[in-house]
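# Residue-level structure breakdown
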Amino acid sequence: MKFETYLKTRQPVIYQTLCNASEGARLSHAYLVLGESGTPLKEMGRFLAKTILCDHPHPLADEDCTLCHRVEVNDYPDLVEIDGSENSIKKGDVETLVASFHQTPLENKGIMVYFIHMAENMTADAANSLLKFLEEPTPYSYAILTSQNEEKLLPTIKSRCEILRLRMSSRQIGYEEAISAGVPTEDAELLSYFFNDGFSIGKKKEETSYQNAKEALQKALDSLANNASNARFVFQKDIAKLCADKATTRLFFDFLTLSFKDIVGQDSNQAPLLPSYVTIIQEAAKNLPHHELSLLQTMTLRREIESNINTGLLLTHLVSVLTKE
């Protein structure tokens, strides 16, 4: 599914706003895309960059031309991306960006675009540096910012951007879209709780972080269904190896949380959140002495991921709580 189709069907206000602006050659020189966790913020930012740069817009990016493909794989020298989803964005990052925009564009388009994903994770100094650049941009530059938390953005930054707000929709719609697009049922089940549309679910399914997190979940449930000492070994060795980065670790803890919610839910005959995993979850539950404590500890440790605690220590702590008699 093309991203334009997602906008047209799920975000009609944004779709029409951008169509009108593109047709009238009135695209804003600064956009701020806001959305809750699960909305396709990064994909929206990339699509805006494509629309600004596309060789054959109709009126939005055709998503098929060579230039659009280059933007998709971040192989366009006049497009600078800064991703704040993993680490904070520092003043030096913004200063490097600003310096590059004071140089002549390398491509014949003569247009330069910068895309700051999760802009709320800028330090105060970085935000002030960006504000100065927004106030005095070069004539050929375009800015795209995304954020899940607009309250953390400077009001003066927001006031200099045209704001686009992505709407959330039901989890069921995203699940059904993913299934219709050919995403396997168990993948759609897992990802539809964290990504709000079939487009994002389909892309996430192909990412290494998801594949590793899914494998880690399967190993965790299998080991818990086996015995406590086996589970400790698997968590400390196999799962720690799979959770080598924050993105994978977050997803693993999120998936494990869903599994433990199902364990708690089955005690009161609630419908499962993960029907594809019912059998193995039921087996694991037999060896978990404290169901509600397992859920609580998993959710508590999930919050510790952002504090840069060693993943191995988190997993060791978790499995010791899960298997404690």
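Attention in this report is confined to the structure presented alongside it. (Residues numbered from 1 in each chain as written. Predicted model: local features only at pLDDT ≥ 70, side-chain atom pairs only at ≥ 80, totals over all residues. Heavy atoms only, no water.)

In this section: the overall build of the chain. Within the chain, the regular secondary structure consists of 16 helices and five strands. In terms of C-alpha radius of gyration, the chain reaches 22 Å, essentially the compact-globule figure of 20 Å for 325 residues. The principal-axis extent of the C-alpha atoms belonging to the chain is close to 65 × 40 × 30 Å. Going through the 325 residues of the chain one by one, you find that 50% of them count as buried. Sequence separation of 24 or more characterises 71% of the internal contacts of the chain that already satisfy a separation of 6 or more. Summed over all atoms, the accessible surface of the chain reaches about 15,100 Å², with 50% contributed by carbon and sulfur. (Helix = DSSP H or I, 4+ residues; strand = E, 2+ residues; numbered from the N terminus. Rg over C-alpha atoms; globule rule 2.2 N^0.38 Å. Buried < 20%, exposed > 50% of the residue type's maximum accessible area, 1.4 Å probe, protein only. Contact = heavy atoms within 4.5 Å. Areas by Shrake-Rupley, 256 points an atom, 1.4 Å probe, with all protein chains shown as cover.)

Further remarks concern unusual backbone geometry. The omega angle of the peptide bond from His58 to Pro59 is -15°, so this bond is cis rather than trans. Tracing the backbone through its elements, the reader meets Pro59 in the loop between α3 (41–53) and α4 (66–72). The residue Asn269 is not glycine, and still its phi comes out positive at about 60°. Inspection of the secondary structure puts Asn269 in the loop between α13 (246–266) and α14 (278–285). Residue classification places Asn269 among the exposed residues on the basis of a relative accessible area of 72%.

Turning next to the packing of aromatic side chains. In the structure shown here, the tally under the stated rule is 10 aromatic pairs. Of the aromatic side chains, those joined through ring pairs into one cluster are Phe3, Tyr6, Phe47 and Phe199. Directly above the ring of Tyr193 sits Arg171, whose terminal nitrogen or CZ lies 4.2 Å from the centroid. (Phe/Tyr/Trp six-rings, centres within 6.5 Å; stacked < 30°, edge-to-face > 60°. Lys NZ or Arg CZ within 6 Å of the ring centre and 35° of its normal.)

Let us now look at the environment of Asp78. Note that Asp78 resides in the loop between α4 and β2 (79–83). According to the relative accessible area criterion, Asp78 is buried, its value standing at 1%. Separated by 33 residues in sequence, Asp78 and Ile111 have C-alpha atoms that sit 7.0 Å apart. Apart from the residues lying within four places of it in its own chain, the contact partners of Asp78 are Pro105, Leu106, Glu107, Ile111, Met112 and Val113. In terms of polar contacts, Asp78 uses its side chain to reach the backbone amide nitrogen of Leu106, at 3.0 Å. (Polar contact = N/O pair within 3.5 Å; in protein donor to acceptor, adjacent residues only side chain to side chain.)

With that settled, consider the pattern of salt bridges. Under the definition given, this model contains 19 salt bridges. The residue Asp83 makes a salt bridge to Lys42 at a minimum N-O spacing of 2.8 Å. Here the residue Asp83 occupies a position in strand β2, and Lys42 occupies one in helix α3, the gap between them amounting to 41 residues. Look at Lys42 and you get partly exposed, because its relative accessible area is 28%. As a salt-bridge pair, Lys203 and Glu72 come within 2.9 Å of each other at their nearest N and O atoms. Separated by 131 residues along the polypeptide, Lys203 in helix α10 (residues 198–205) and Glu72 in helix α4 bring together distant segments of the chain. With relative accessibility at 30%, the residue Lys203 sits in the partly exposed group. (Salt bridge = Lys/Arg side-chain N within 4 Å of Asp/Glu carboxyl O.)

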